Amino acid sequence: EQLISDISHQTKIPISNILIFTELLKENLKKEENIKYIDNIMGETEKLKWLILSFVNMSRLESGIIQYQIKGYTMQELLAAALTSVYADAEKKNIFINVRGNTEYKGKFDLKWTAEAIVNVLNNSIKYSPADSKIDIETGVLPHYITLSVKDYGIGILPEEIPAVFGRLYRGKNTAEYDGIGIGLYLTREILTSQGGYIVFSKKESVGSKAVIYLPKI
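Note that the coordinates shown come from a computational prediction; the quantities given were computed from them, not determined experimentally.

Each value, and the rule that gives it
- Residues numbered from 1 in each chain as written.
- Predicted model: local features only at pLDDT ≥ 70, side-chain atom pairs only at ≥ 80, totals over all residues.
- Heavy atoms only, no water.
- Pairing = 2+ DSSP bridges.
- Helix = DSSP H or I, 4+ residues; strand = E, 2+ residues; numbered from the N terminus.
- Buried < 20%, exposed > 50% of the residue type's maximum accessible area, 1.4 Å probe, protein only.
- Contact = heavy atoms within 4.5 Å.
- Phe/Tyr/Trp six-rings, centres within 6.5 Å; stacked < 30°, edge-to-face > 60°.
- Axes fitted to C-alpha atoms, helices over the stretch in contact; angles between N-to-C directions.

*Asks:* Looking at this model, I keep getting lost on the pairing of strand E4 (residues 134-141). Mind explaining?
*Replies:* Sheet faces and side chains relate simply in a regular strand, where the side chains alternate between the two faces. As defined by bridge partners, strand E2 (residues 96-100) adjoins E4 across five bridges and the pair is classed as parallel. Across the sheet, Asn98 pairs through a bridge with Asp136, a residue of E4. Here seven bridges tie E4 to strand E5 (residues 145-152), and the two strands are oriented antiparallel to one another. If you follow Val141 over to E5, its bridge partner there is Ile146. Hairpin connection between E4 and E5: a loop of three residues separates the two successive antiparallel strands.

If you want it as structure tokens, here you go:
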């Protein structure tokens, strides 16, 4: 019931905007503003598509119906799957993604879903970072985990908000001017913990934010 309520509330604005822009387009078919209206329609439609898909994934994760295909993969395979999805958005803002460390470390996880979890973190880093900046990705290894840290130089996370950022539909106080609904990090945590991994944010960052992802080691 709560999920249905969330879907109803969160999809209301994008759907309303699509209808408004479409009506304006009908009334101004011969005006140069048509391109702007069409772009708005496309943007809102993409937002709605992503929103519905995220809620569906959230529902599947919370109900435990996802069947993970957990196998052994290297960090290189995981990064290749994740970075492919974010490079275009990074290039639009001229953000350089720098990868350091040994990418041959091997872990046990579902490649598709874990890559999606990494993409959620990277999308946030790109969204909340200024143009012409960078994102540092570094691999590591511990006795029982392989690690992947994602460090950006954007608006950062207030230390007192760190315990709440993985909450369902939670958004930070300094994110009001950015698009989003606060579901990406929630999905990331659910995906990782259900496979025996986890994610934490550093409280020591003076600029930007740093997330560290832990995955079971082979």
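Having seen the model, we can carry on.
*Asks:* Teacher, can you tell me more about helix H6 (residues 184-193) here?
*Replies:* Every α-helix carries 3.6 residues per turn, so stepping three or four residues along brings you back to the same face. In terms of burial, H6 is largely enclosed, as eight of its ten residues are buried. Turning to H6, its buried residues number three or more, namely Gly184, Leu185, Tyr186, Leu187, Thr188, Glu190, Ile191 and Leu192. Summarising the contacts, the buried residues of H6 are in contact with helix H2 (34-63), helix H5 (111-127), strand E6 (198-201) and strand E7 (210-216).

*Asks:* Teacher, can you tell me more about the packing of aromatic side chains here?
*Replies:* In this description, a pair of aromatic rings is defined by centroid distance and the angle of the planes. Per the counting criterion, the structure on display carries six aromatic pairs. Relative to Tyr178, the ring of Tyr128 lies with its centre 5.0 Å away and its plane at 85 degrees, an arrangement referred to as edge-to-face. Taken as a pair, Tyr128 in the loop between H5 and E4 and Tyr178 in the loop between E5 and H6 lie far apart in primary sequence, 50 residues in all. You can call Tyr128 buried: its relative accessible area is 15%. The class for Tyr178 is partly exposed, based on a relative accessible area of 22%. On the basis of an interplanar angle of 85 degrees and a centroid distance of 6.0 Å, the ring pair of Tyr145 and Tyr214 is categorised as edge-to-face. In this pair, Tyr145 sits in strand E5 while Tyr214 sits in strand E7, placing the two residues 69 residues apart along the sequence. One aromatic cluster in this structure is built from Tyr145, Tyr198 and Tyr214.

*Asks:* What am I meant to see in the sheet that holds E2 here?
*Replies:* Whenever strands of a sheet pair, they do so through backbone hydrogen bonds, lying parallel or antiparallel. The mixed open sheet is built from five strands, whose spatial order is E2-E4-E5-E7-E6. Since the sheet does not close on itself, it has two edges, and those belong to E2 and E6, each with one partner. Sheet twist, expressed as the mean angle between neighbouring strand axes with direction ignored, is 15 degrees. Against the sheet, H5 contacts E4, E5, E6 and E7, and its axis sits at roughly 20 degrees relative to E5.

Without other data, these values stay purely geometric and don't point to any function.
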